[in-house]
Amino acid sequence: MPHIIVQMFPGRDEASKKELAEKLAGLTAETLGLSQSAVSVTVEEVAREEWKDRVYRRLREDKNLLVPPGYEM
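Residues numbered from 1 in each chain as written. Predicted model: local features only at pLDDT ≥ 70, side-chain atom pairs only at ≥ 80, totals over all residues. Heavy atoms only, no water.

Q: Give a detailed account of the overall build of the chain, specifying residues and quantitative values.
A: Broken down by element type, the chain carries two helices and two strands. Along the three orthogonal principal directions, the C-alpha set of the chain runs to about 35 × 30 × 20 Å. Put simply, 59% of the contacts in the chain that link residues at least 6 apart link residues at least 24 apart. When the accessible surface of the chain is totalled, it reaches about 5600 Å², and 52% of it is carbon and sulfur. Computed over 11 positive and 13 negative side-chain charges, the separation of the two mean positions in the chain equals 4 Å. (Helix = DSSP H or I, 4+ residues; strand = E, 2+ residues; numbered from the N terminus. Contact = heavy atoms within 4.5 Å. Areas by Shrake-Rupley, 256 points an atom, 1.4 Å probe, with all protein chains shown as cover. Lys, Arg positive; Asp, Glu negative; His and termini not counted. Charge placed at Lys NZ, Arg CZ, Asp CG, Glu CD.)

See the structure below:
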C-alpha cells in the first residue's frame, strides 16, 4: 500500500513530525479510498548542507515527480 517519505531539515519537534505524518496518512487514505492503517509514513531529517546532494539533485532527475520544488539550488 502507499508509503510516503518526507524529507526535511532537522529541527522540528517529534510532536510536529507525528502530526504531519498522521495528517498525510489520513489525507492519502481518504483520497485513495483506503483505510488509514494501509498507509505508512517516514520522516527523514536531512542536514541543510547535504540537501542539494541527497535530495534536490535527485528530485530534478525524477521523472515521476508530480509537484516540483519551487526553488533553485
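Q: Explain helix α1 (residues 14–32) to me, and be specific about the residues and the numbers.
A: Between its first and last C-alpha, α1 extends 27 Å over 19 residues, near the 27 Å set by a 1.5 Å rise per residue. Of the positions making up α1, those classed as buried are Lys17, Ala21, Ala25, Thr28 and Ala29. Buried positions in α1, seen along its axis, are confined to an arc of 100° and lie on one side of it. Opposite its buried face, α1 presents the exposed residues Ala15, Lys23, Leu27, Glu30 and Thr31, each directed more than 90 degrees away. (Expected span 1.5 Å × (residues − 1). Buried < 20%, exposed > 50% of the residue type's maximum accessible area, 1.4 Å probe, protein only. Arc of directions from axis to C-beta.)

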